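Residue-level structural notes
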Amino acid sequence: MMTKIFIEQQQKKLANGVIDRRHFMMSVLATGLAVPTVLSLADKAEAAAPNRGGLFRMGIAHGSTTDTLDSATSENHFTLINGYTFGNHLTEVSNTGELIPELAESYESSDAQRWVFNLRQGVEFHNGKTMTSEDVIASLAHHMGEDSTSAAKGLLTAVKSVTADGKNRVIFDLESANADFPYIVSDYHISIRPAGDMASGIGTGGYILQSFEPGVKTVLQRNPNYWKDGRAHFDEVELISIIDPTARQTALMNGDIDAMDRVDLKTINLFKRNPNVNILEITGTAHYTFPMRLNVDPFGDYDLRMALKHSIKRQELVDKILLGYGAVGNDHPISTANRYHNSDLPQREFDADKAAHHYKKSGHSGKIQLSASDAAFAGAVDAAQLIANSASEAGIEIEVVREPNDGYWSNVWNNDAKGWCACYWGGRPTEDWMFSAAYTNDTEWNDTAWKGTDSSKKFNSLVKEARAELSDTKRRELYYECQSLISDDGGSIVPLFNSFVSANSKAISTDKQIAANWDSDGAKCVERWWFA
Amino acid sequence: MGVATLFAVSIIIFSSMELLPGDFGQAILGQAATEDTVAAFRRELGLDQPAIVRYGQWLTAVLQGDLGTSFSGRNASGVDRSREVVDLVAPRLRNTLFLASMAALFAIPLSLVLGISTALYRNSVYDRSISMTTLTAISFPEFFVAYILILFLSSLSSVFPSLANVDADTQFGERVYRVALPALTLTLVIVAHMMRMTRAAIINLLASPYIQMARLSGASPTEVILKHALPNAWAPIATVIAFNLAYLVVGVVVVEVVFVYPGIGQLMVDAVARRDIPVVQGCALIFAMTYILLNLIADIIGIVTNPRLLYPK
């Protein structure tokens, strides 16, 4: 066992150029392996060896002059990618989708209520200060308390206290057990920064910030003391905000940038023909929804909700709105990229007879209003029109109300004035996180107001039970049932999971598998990719 | 008069920002907004005070020459990292003025020459083809002109870069090279207006009796236009040039977005979208001042080139 770990370490060192081939051979032969075996091990490590060096320029579809370096108000994809370049977190979702320790070396809990995080030792911030438990506590406190303006405040309300046990250990005491807590601290808002300086862009990451011009660009240089093995291969990085999709695609084709996020699906077939362009597609946890509010008439009626759920042509939406870059949803928010996706649940299809049957049973008559705006997601208004069209085949009349983009999230979504609207969820890495973001009875973002029905009460107790459960099989059972409850009784129609589609020049290499949790390799392309 | 206009503009802008739904906290947090966090933002930014009080505070500060600080980045973890509106606006304004002057440098001489020459050879094939070309260019939306230029001068032949992302350290020569395409786009967009106005103003004068007199006295057509018609046409020409210059400063957001040029237009659009009121107010004041100043200059040119206006009747 020990030798296996040792060999893996040596392979990593070889891949990163820390040691040369001769050194690798000698050290691994010493473990007692035969020469041919060691030779093939060396080949394997070197074949995957990413090259160091080069200037990586990336065009990002977001970026605003109001952006800051404070991760607490990180709100768009530019600040997300930017934050991951210079900052690390306690844990990280790896490119294969597992949770791995990052600034924490390990974490453990016996009851899922008291979590002990052992910190990696000797990690330095860019200002030379060594990271200790004091910094971790300050970074967490930044998102807690009444006066915090952090978008991650809601995630940490269950944290009762954070205490240090020496310099290299932090203990979290939670109000109630949460088996997924280590996932929570991987959230992009909860970046670890030096105590007393949460906003100047000093972190422990693979790149050191040289300049940051909000809404324009960021310039970074490789951190020579980066603690992580096998990551951060570029010498220099420029992140450029290019909001216009045509400008972004032209820049990639002309070689002005090396990678970009959010390819315009309408022109992707033309774009793909460019010999310099490589398209990366992955279906993750992000999905489009049409939440119906149960506390607004007529959506409180189970049969009416069922009627609408059956009157949607899901594959047509995938083909027309996502141009095939996505997957159909089954009216619950758990994707195939999640651990406990319920694959036993039969896929709900368009069925005019069932829809008409439920509609008749609900006793409702007249138009049903559906509010949509492209602020919810690109193509939301068109999707609403398609839904109205297919529903009319079942004799259900839907009136699409086009809402202004401006202020959509405060005035239309999650608002009792509108019973049914279009919405977007980036998805969450764990079932519990997704459910407690939008479906449990204690979240402010319960956009379906699904609280009073018998199924929802059952759902809430199941979620609580699963949260405290450490056994894998038991959790799977519980989450399967949760998905089935949301799918049948819940207020949300989830017809689509959208793929992340990004593009890069052929000179760029990536790991075999790229992460599905965010666009551009989990938004960590800067530290994960390299020039071939 | 100018000051009164500025005051009126600031009131209009402030009240229309108030009419917009949502505030900075909600805009920044978007879907992730909770009542708690938004309330914390409001306390931090003083948005919990009535609008009239906030306007009063802003006005007093501006009268003392302080445009305030942006809402963004205030008080994060006890350290105020927000930026002064002046620091935000100044480099952007410099970029915008640079692009505007590059475009004006091409466009103004070009449209004057074209305007005068088409007036000289009016109704000829030359006149018609110039009119047709410039009117075609102005009829297309700006982004379309921009994409066409990118296609031919950047994608197919790579003469100029398609990204004009300059920063404070970019050298002058490099800067000129990078803004070539946006400047060219703007030139194509504004030439028609100025050129047609010049042509019309001159042709209008050609019917006057004093031009007839000049002709009868044996002056050549070129001489008639340059010596006799043009001096009287300066006032309307100056007005239309001022108008187009003002447009170059305040209205080129689309071109900025297509070429990724960090100008002031994008700054104001972002600030409005995020409800960053101090920045919006700062930009609005600058825009209003640009209009007022340029119109003032046009009026002065009109008066100076027309000696009759210098003496009271």
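The structure this text deals with has already been given above.
Residues numbered from 1 in each chain as written. Chains lettered and ligands numbered in written order. Predicted model: local features only at pLDDT ≥ 70, side-chain atom pairs only at ≥ 80, totals over all residues. Heavy atoms only, no water.

Let us look at helix α9 (residues 302-310) of chain A. Among the nine residues that make up α9 of chain A, eight are buried, leaving the element largely enclosed by the rest of the structure. If you check the start of α9 of chain A, you find a side-chain oxygen 3.0 Å away from the backbone N of D303 of chain A, and it comes from D301 of chain A. (Buried < 20%, exposed > 50% of the residue type's maximum accessible area, 1.4 Å probe, protein only. Helix = DSSP H or I, 4+ residues; strand = E, 2+ residues; numbered from the N terminus. Polar contact = N/O pair within 3.5 Å; in protein donor to acceptor, adjacent residues only side chain to side chain.)

Before going further, it helps to spend a moment on helix α14 (residues 431-438) of chain A. All names here are of chain A. Extensive coverage of α14 is indicated by the burial of seven of its eight residues. Taken together, the buried positions of α14 are E431, D432, W433, M434, F435, A437 and A438. Next to the buried residues of α14 lie α6 (181-184), β12 (277-291), β16 (423-425), α15 (454-468) and α16 (472-489). (Contact = heavy atoms within 4.5 Å.)

The subject of this paragraph is the sheet that holds strand β6 (residues 159-164) of chain A. Residue and element names in this part refer to chain A. Read across the open sheet, the four strands follow the order β4-β5-β7-β6; overall the sheet is antiparallel. Of all the strands in the sheet, the pair left with one neighbour each is β4 (104-108) and β6. Strand-to-strand twist across the sheet, computed as the mean angle between neighbouring axes with direction ignored, equals 20°. Strand contacts of helix α5 (residues 133-141): β5 (114-119), β6 and β7 (169-174), with the helix running at about 35° to β7, the strand carrying the most contacts. (Pairing = 2+ DSSP bridges. Axes fitted to C-alpha atoms, helices over the stretch in contact; angles between N-to-C directions.)

Residue and element names in this part refer to chain B. Together, F140, F143, F144, I148, L151, F152, L156 and V254 line one region of the surface with nonpolar side chains, adding up to about 710 Å² of accessible area. Of all the elements, helix α7 (residues 142-155) adds the most residues to the nonpolar patch, at five residues. You can see L151 is positioned in helix α7. (Patch = residues over 30% accessible without salt bridge, like charges linked within 9 Å, V, L, I, M, F, W, Y side chains within 5 Å. Areas by Shrake-Rupley, 256 points an atom, 1.4 Å probe, with all protein chains shown as cover. Salt bridge = Lys/Arg side-chain N within 4 Å of Asp/Glu carboxyl O.)

Side-chain positions along a regular strand alternate between the two faces of the sheet. Residues and elements named next belong to chain A. With five of six residues buried, β7 lies mostly within the body of the structure. Pairing geometry for β5 and β7, over five bridges, is antiparallel. Residue pairing in the sheet places N118 in a bridge with R169 of β7. With five bridges joining them, β6 and β7 adopt antiparallel strand pairing. Pairing of S161 across the sheet is with D173, part of β7.

Moving on: the packing of aromatic side chains. Residue and element names in this part refer to chain A. Tallied over the full model, the rule gives 27 aromatic pairs over all chains. Look at F172 and F181: their rings are 5.1 Å apart centre to centre, the planes differ by 55°, and that puts the pair in the tilted class. On the accessibility criterion, F172 (0% relative accessible area) is buried. On the accessibility criterion, F181 (2% relative accessible area) is buried. (Phe/Tyr/Trp six-rings, centres within 6.5 Å; stacked < 30°, edge-to-face > 60°.)

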